[in-house]
Amino acid sequence: MNYSGIQYSIYKMLPMSIQNLIITYAGSKRWKHESTKEFQNTVSSLQNIQNYDTLQIKEYQRVKLATILIAAKSTEFYSELLPSERQIASDPFSILFSVPVLGKNDVRSDVKRFINSSFPGKLIQHGTSGTTGTPMQTIWTQECIDMERALIWRQRKQTGLEFGKEWRGMLGGLQIVPLEQNKPPYWRVNKLAKQVYFSTYHLSPASASAYLEAFGKFDIKALEGYPSVLYTIAYSFRQSGLDYPLDSIYYGAEPLQDFQRKMIEKVFHCYVLDYYGLTERVASASEFECKNGLHENWENCILEIVDKTGNPASEGEYGELVGTSLSNLGFPLLRYRTGDMTRFLPGECTCGRSSRRIARIDTKREDLLLMPDGSLLSASNLTFPFKDVEHILESQLFQRIPEELEVRIIPAGGYLNSDGEKLIKGIEQMLPESVAVVLRIVDEIPRTKSGKFRFCVSEITHTDES
Ligand SMILES: [Zn+2]
């Protein structure tokens, strides 16, 4: 979303009613598209087939995969790697698994090699910064965008949110309310889509009651946004002794840490549903009412989990998630390494869906810390000591050498030295004695180039990208 081509310096001077119109206009294009019969039909058909049995799933994927592989033959990268169309059609799964796994750098170094030269439709370019801050360009087709959006809507509908019926609150990164404004309303309204965009820059324990009032006034039922911002609003409410019951909360773009989830769920009396996806659109998974891990969105991707060498991980073993899109015919990436760590969950799900499930992803490969003995430790293990400590607004683990871990915190009101000491002690207990834990109080935690918050930054494991 942007200011519809209007510069922020102009936008911020306009009257609030005009700002509301601009916000409505900017959000209306997607809203109108998603209101169309075609889009709503896609959502319904995804709802209808979600209980397919494993044979039906396989048959559905066989057809889609063959189409993707045939499309891939028209790219420079895959033209020699793939056999004839007839061979592809006879056994697409074996052929997919014979193709080597693909690293981010393989794509980043020369994006053009992956473009399907015979794709008849429009290709939509999307420039993004990768999680490590290196620019990454990806290309989508309209079908691939629609499938992802429809999968997101399927999850929401399954869990009770009706399209266009309830008011939703949004917490994004855009400065929708000028920073100079120092009294409410700290929000702008898109009446058409029934969305209230709340400013994340005006949030504080002092302004929390104004936000709460707006929640009540608009009868907000659902909230969506970046995890770090959802946490900030929950934190501000908590500090002011406020709470507000919501029906549903959705997040994206960053992993949600466990301590953030706990605070958000406490303040909004509502379970936070997980959805996993990534910009390259090669992998996605949804959490449903069963709350039993994330179901693979097999309608749009094939997921695998591989070990360090790129070979399939043993059953139930933790490894890197690899995905193949089943709808991006214009830019077919096969067996793409996501950099996200997870594992397949064993057994059938209680909800009756036959799709495979993966464990919640809160670890990026970059979120691993290197220990002095050469072993890797997931930073998500170290979120545990944060649960017992209050008065911390934001935190980050930073590692430059294996022998030292820096814990950066932004203290909140009421912070005492004993809070920091308790935290450091808790973290020390989870690390080998050879690692020194150092507390650093900071005013700000820098975001990545793409504006994402990262809980863990290791300068050692970052360079290990393939
Ligand atoms: Zn389930």
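Residues numbered from 1 in each chain as written. Predicted model: local features only at pLDDT ≥ 70, side-chain atom pairs only at ≥ 80, totals over all residues.

Attention now moves to the environment of Pro184. Mapping Pro184 onto the fold places it in the loop between strand 3 (167-171) and strand 4 (187-190). Residue Pro184 is classed as partly exposed on the basis of its C-beta count, with 15 C-beta atoms lying within 10 Å. (Helix = DSSP H or I, 4+ residues; strand = E, 2+ residues; numbered from the N terminus. Buried ≥ 20, exposed ≤ 12 C-beta atoms within 10 Å, placed from the backbone.)

In this section: the domain arrangement of the chain. For the chain, the assigned domains read domain 1 (39-150 + 276-361) and domain 2 (365-464). Each of domain 1 and domain 2 has a C-alpha centre, and the two are 32 Å apart. (Domains from an automatic or database assignment.)

Before going further, it helps to spend a moment on the nonpolar core. Membership of the largest hydrophobic core comes to 43 residues, with the highest contact counts inside it found for Leu69 and Leu333. Elements with a contribution of two residues or more to this core: helix 3 (37-49), helix 4 (54-72), helix 6 (92-98), strand 2 (135-140), helix 8 (142-158), strand 12 (301-306) and strand 13 (319-325). For this core, the element with the most residues is helix 8, which contributes 6 residues. Not counting residues within four places of it along the chain, the set of residues in contact with Leu69 comprises Leu82, Ile88, Pro92, Ile95 and Leu96. The next biggest cluster of nonpolar side chains, apart from the first, holds 37 residues, and it includes Ile23, Tyr186, Leu203 and Leu256. (Core = buried A, V, L, I, M, F, W, Y, C linked by C-beta atoms within 7 Å. Contact = placed C-beta atoms within 7 Å.)

Below, the discussion takes up the sheet that holds strand 19 (residues 392-399). If you walk across this open sheet you meet the 4 strands as 21-20-19-22, and the pairing is mixed. Both edges of this open sheet fall to strand 21 (436-441) and strand 22 (456-458), since each of them pairs with a single strand only. Within the sheet, the average angular offset between the axes of one strand and its neighbour, ignoring direction, is 20°. Note that strand 19 and strand 22 share 3 bridges and pair parallel. (Pairing = 2+ DSSP bridges. Axes fitted to C-alpha atoms, helices over the stretch in contact; angles between N-to-C directions.)

The predicted model of the chain has a mean per-residue pLDDT of 88, with 92% of residues at 70 or higher. The spread of mean pLDDT over the elements of the chain runs between strand 16 (residues 363-364), the lowest at 60, and helix 4, the highest at 98. Residue range residues 129-134 is modelled with pLDDT below 50. Its contacts to residues more than four positions away, or to other chains, number 19 contacts. (pLDDT = per-residue confidence, 0-100.)

Here we come to the pairing of strand 7 (residues 248-251). Here strand 6 (residues 220-225) runs beside strand 7; their pairing, made up of 4 bridges, is parallel. When the bridges of strand 7 are listed, Ala222 appears paired with Ser248. Note that the unit made of strand 6, helix 10 (residues 227-239) and strand 7 has a crossover that is right-handed. As defined by bridge partners, strand 7 adjoins strand 8 (residues 272-273) across 2 bridges and the pair is classed as parallel. (Right-handed = clockwise from strand over helix to strand, strands pointing away.)

Here we take up the packing of helix 3 against helix 8. Put simply, helix 3 and helix 8 touch, their axes get as near as 9 Å, and they point 60° apart. Classified by the interaxial angle, the pair formed by helix 3 and helix 8 is oblique. Taken as a pair, helix 3 and helix 8 cross one another with a handedness that is right-handed. Contact residues: helix 3 offers Phe39, Thr42, Val43, Leu46 and Gln47, while helix 8 offers Asp146, Ala150, Leu151, Trp153, Arg154 and Lys157. Taken together, the residues of the contact of helix 3 with helix 8 sort by class into 6 nonpolar, 2 polar and 3 charged. (Parallel < 35°, antiparallel > 145°, perpendicular 65-115°, else oblique. Left-handed = near helix turned anticlockwise from the far one by under 90°. Nonpolar A, V, L, I, M, F, W, Y, C, P; charged D, E, K, R; others polar.)

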